[in-house]
Amino acid sequence: MFGVSLLSRSTVVAFLSHQTTRTTTQSIRSFSQTIPLAATNYLLKYEYIPDVLEKRDPYREGHLNLAKKLIAENKCLSGGPTGEPNMEVPTGALFIFTDLESAELFVKEDPYVDGGIVTSHSIEEWNVVVQKE
């Protein structure tokens, strides 16, 4: 009985040593593999004034036309208002651009910015790793 117990411990230790080495090697391999990014996009986030719905009308057509123009040029992928779930009044907007220059151009030429509808904005790089094909 005593000898069987030692044999079992030796077998378990050998098994674990082999598994640890194999797992470590697999981990190193997976971290060393280069996985190409699907795409790098740019997120433009706007914050709006609280009374956006009352004050946006004079600027809305120009704002939407600029977005549609950049979409037609494949520079803007999508955009729209953001806020709490079931919002009645948007608190901001989010746009997805294919390059940084287009996001910056949108801010520069957007009537919402010049008209005071946008209180602040930010542009962030977004590296898309997974997406629906």
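For the structure, see preceding data.
Please read all numbers here as calculations on a predicted model, not as lab measurements.

Reading the values: the criteria
Residues numbered from 1 in each chain as written. Predicted model: local features only at pLDDT ≥ 70, side-chain atom pairs only at ≥ 80, totals over all residues. Heavy atoms only, no water. Helix = DSSP H or I, 4+ residues; strand = E, 2+ residues; numbered from the N terminus. Areas by Shrake-Rupley, 256 points an atom, 1.4 Å probe, with all protein chains shown as cover. Salt bridge = Lys/Arg side-chain N within 4 Å of Asp/Glu carboxyl O. Buried < 20%, exposed > 50% of the residue type's maximum accessible area, 1.4 Å probe, protein only. Arc of directions from axis to C-beta. Contact = heavy atoms within 4.5 Å. Polar contact = N/O pair within 3.5 Å; in protein donor to acceptor, adjacent residues only side chain to side chain. Phe/Tyr/Trp six-rings, centres within 6.5 Å; stacked < 30°, edge-to-face > 60°. Axes fitted to C-alpha atoms, helices over the stretch in contact; angles between N-to-C directions. Parallel < 35°, antiparallel > 145°, perpendicular 65-115°, else oblique. Left-handed = near helix turned anticlockwise from the far one by under 90°. Nonpolar A, V, L, I, M, F, W, Y, C, P; charged D, E, K, R; others polar.

1. Overview of the overall build of the protein
Phase 1 of the analysis: A count of helices and strands for the protein gives five helices and four strands.
Phase 2 of the analysis: Total accessible area on the protein is roughly 9,700 Å²; 57% of this is exposed by carbon and sulfur atoms.

2. With respect to the pattern of salt bridges
Phase 1 of the analysis: This model, assessed by the stated rule, comprises four salt bridges.
Phase 2 of the analysis: Of the charged contacts in the structure, one is a salt bridge between Lys 69 and Glu 73, with a shortest N-O distance of 3.6 Å.
Phase 3 of the analysis: The shortest N-O distance in the salt bridge between Asp 99 and Lys 75 comes to 3.4 Å. Here the residue Asp 99 occupies a position in the loop between β3 (92-97) and α4 (100-109), and Lys 75 occupies one in the loop between α3 (57-72) and β2 (76-82), the gap between them amounting to 24 residues.
Phase 4 of the analysis: Accessibility expressed as a relative area gives 31% for Lys 75, which makes it partly exposed.

3. A word on α4
Phase 1 of the analysis: Buried within α4 are the following residues: Ser 102, Ala 103, Phe 106 and Val 107. Here the buried residues of α4 occupy an arc of 140 degrees about the axis, which is enough to place them on one side. Opposite the packed face of α4, turned more than 90 degrees from it, sit the exposed residues Glu 101 and Lys 108.
Phase 2 of the analysis: Summarising the contacts, the buried residues of α4 are in contact with β1 (39-48), α3, β3, α5 (111-114) and β4 (118-128).
Phase 3 of the analysis: The N-cap residue of α4 is Asp 99: its side-chain oxygen and the backbone nitrogen of Glu 101 are 3.3 Å apart.

4. Description of the environment of Val 129
Phase 1 of the analysis: Relative to the elements of secondary structure, Val 129 occurs in the segment after β4.
Phase 2 of the analysis: For Val 129, a relative accessible area of 56% corresponds to the exposed category.
Phase 3 of the analysis: Along the chain, Val 129 and Ala 39 lie 90 residues apart, while their C-alpha atoms are 7.3 Å from each other.

5. Here we look at the packing of aromatic side chains
Phase 1 of the analysis: This structure, assessed with the given rule, holds seven aromatic pairs.
Phase 2 of the analysis: Taking the centre distance of 6.3 Å and the plane angle of 35 degrees together, the rings of Phe 95 and Phe 97 count as tilted.
Phase 3 of the analysis: We classify Phe 97 as buried; its relative accessible area is 0%.
Phase 4 of the analysis: Relative to Phe 106, the ring of Phe 97 has its centre 5.6 Å away and its plane inclined at 50 degrees; by these criteria the two rings are tilted.
Phase 5 of the analysis: For Phe 106, a relative accessible area of 0% gives the class buried.
Phase 6 of the analysis: These aromatic residues form a ring-pair network of at least three members: Tyr 46, Tyr 48, Phe 95, Phe 97, Phe 106 and Tyr 112.

6. Some words on the packing of α3 against α4
Phase 1 of the analysis: Packing of α3 against α4 leaves a shortest axis separation of 10 Å and a crossing angle of 160 degrees. Classified by the angle between their axes, α3 and α4 sit roughly antiparallel to one another. As α3 packs across α4, the resulting crossing turns out to be right-handed. Taken together, the residues of α4 that come into contact with α3 (itself represented by His 63, Leu 66, Ala 67 and Leu 70) are Ser 102, Leu 105, Phe 106 and Glu 109.
Phase 2 of the analysis: Classifying every residue of the contact of α3 with α4 by side-chain character gives five nonpolar, two polar and one charged.

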